[in-house]
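Breakdown of the fold
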Amino acid sequence: MYEKMNEQLASYGVVPVVVLNDAKDAEPLAKALVEGGLACAEVTFRTDAAEESIRIMSKAYPEMLVGAGTVLTTEQVDRALNAGAKFIVSPGFDPEIVDYCLEKEVPVYPGTVTPTEVAQAVKRGLAVCKFFPAEQFGGVSTIKALAAPYTMVKFMPTGGVNLKNLRDYLSCDKIAACGGTWMVKGDMIKEGRFDEIKKITAEAAQIVKEIRG
Ligand code: 3PG
């Protein structure tokens, strides 16, 4: 299940990081992402609408890889899983959350930006870690440096990834997939600009195809 999830996320190459303030936007947003060619999303627990949004998206598009992001507690892990989340993402490396997910055999992607944190992930057998905030922590060059000793780990950078630098990130073979909000910005969702979301999503999917074939 874990390896399969890693492969599926890598095959999409880009994971939209979604912040939904109102669960009513979940279904049209999922539709735009699926039709744009990225049937996956990290729905962040930064808003109260996260749990319900995961439930709605998973039900409306069962084939979609819907995960939970910004998961900061084991209680949120439970809520996310009950709502149908297929993977868990945390901004940092919280051993309690990671171990809890591993016990439940749920794919988990904790944030790691230092060798010490990567070492903790490797010790637990993780093969893909989030790298956040990517641009502030040195982007591709830091990822390459971290991956040199830890050859068994790939990264999922988020934070400052966008259409301008996406090619650079995707060209690095130590990067499993990139995450970001650039295709699902809050104002686009608020104003119901789902066609625009679909268009930007399709652009991202096209770049993945161009770089990775
Ligand atoms: C995340 O939670 O992964 C980041 O906040 C996404 O960062 P971005 O808004 O720069 O894409």
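Notes on the structure in this doc start here. As the structure is a computational prediction, the values presented were derived from the model and not from experiment.

Around the ligand, the surrounding shell consists of Val17, Arg46, Lys130, Phe132, Thr158, Gly159, Gly160, Gly180 and Thr181. Taking Arg46, its side chain carries an N or O atom lying 2.3 Å from an oxygen atom of the ligand. Taking Thr181, its side chain carries an N or O atom lying 2.5 Å from an oxygen atom of the ligand. For the ligand, whose free accessible area comes to 320 Å², the fraction covered by protein is 81%. Class assignment for the residues of the shell around the ligand results in two nonpolar, five polar and two charged.

Here we take up helix H3 (residues 50–60). Buried within H3 are the following residues: Ala50, Glu51, Ser53, Ile54, Met57 and Ser58. Angularly, the buried residues of H3 cover 160 degrees about the axis, an arc narrow enough to put them on a single face. Each element contacted by the buried residues of H3 is listed here: helix H2 (26–36), strand E2 (40–44), strand E3 (65–69) and helix H4 (74–83).

Before going further, it helps to examine the state of the cysteines. A full pass over the atoms with the stated rule returns zero disulfides. With no disulfide of its own, Cys129 lies closest to Cys101 among cysteine sulfurs, the gap being 13 Å. Of all cysteine sulfurs, the one in Cys172 lies closest to Cys178, which takes part in no disulfide; the gap is 9.1 Å. Here Cys178 falls in the buried class, since its relative accessible area comes to 0%.

The geometry of an aromatic ring pair is captured by two quantities: the separation of the ring centres and the angle between the planes. All told, the structure shown has three aromatic pairs when counted by the stated rule. Look at Phe131 and Phe155: their rings are 6.1 Å apart centre to centre, the planes differ by 80 degrees, and that puts the pair in the edge-to-face class. Residue Phe131 is located in strand E6 (residues 128–131), and its partner Phe155 is located in strand E7 (residues 154–157); the two are separated by 24 residues in the primary sequence. In this structure, Phe131 and Phe155 share a single accessibility class: buried. One aromatic cluster in this structure is built from Tyr2, Phe87 and Tyr109. Here Lys130 stacks its cationic end above the ring of Phe132, 5.1 Å away from the centre of that ring.

The next subject is unusual backbone geometry. Note the cis peptide between Phe132 and Pro133, where omega equals -10 degrees. In this fold, Pro133 is placed in the loop between E6 and helix H7 (139–147). In this structure, Thr70 takes a positive phi of about 50 degrees despite not being glycine. You can see Thr70 is positioned in the loop between E3 and H4. On the accessibility criterion, Thr70 (12% relative accessible area) is buried. A positive phi angle, near 60 degrees, is found at Glu105, a position not held by glycine.

Reading the values: rules and limits
- Numbering of residues begins from 1 in every chain and follows the order in which that chain's sequence is written.
- Where local features are concerned, this predicted model is filtered to residues with pLDDT of at least 70; where side-chain atom pairs are given and counted, the filter is 80 or more; whole-chain, interface and lining totals use all residues.
- Water and hydrogen atoms play no part in the side-chain values, which are based on all heavy atoms of the structure.
- We call a residue near a molecule or strand whenever a single non-hydrogen atom of that residue lies within 4 Å of it.
- Under the rule applied, a polar contact is a pair of N or O atoms within 3.5 Å (in protein, one hydrogen donor and one hydrogen acceptor; residues adjacent in sequence only if both atoms are side-chain atoms).
- Per-residue and other accessible areas were derived by the Shrake-Rupley procedure at a 1.4 Å probe size, with only the shown protein chains allowed to occlude residues.
- By the convention adopted, Pro, Cys, Tyr, Trp, Phe, Met, Ile, Leu, Val and Ala count as nonpolar, Lys, Arg, Asp and Glu as charged, and the other residues, Gly among them, as polar.
- Think of it in three bands: with a 1.4 Å probe and only protein chains considered, a residue is buried below 20% of the maximum accessible area for its type, exposed above 50%, and partly exposed in between.
- What counts as a helix is a DSSP run of H or I of at least four residues, what counts as a strand is a run of E of at least two, and both are numbered from the N terminus.
- The arc in question is formed by the directions pointing from the helix axis toward the C-beta atoms.
- The contact criterion used is simple: two residues touch if any of their non-hydrogen atoms lie within 4.5 Å.
- In this description, a disulfide is simply a cysteine sulfur pair whose atoms lie within 2.5 Å.
- Any two of the Phe, Tyr and Trp rings considered here, Trp counted by its six-membered ring, make a pair once their centres fall within 6.5 Å; the pair's planes then place it as stacked at under 30 degrees, edge-to-face at over 60, or tilted in between.
- Two limits define a charge over a ring: the Lys NZ or Arg CZ must be within 6 Å of the ring centre, and within 35 degrees of the ring normal.

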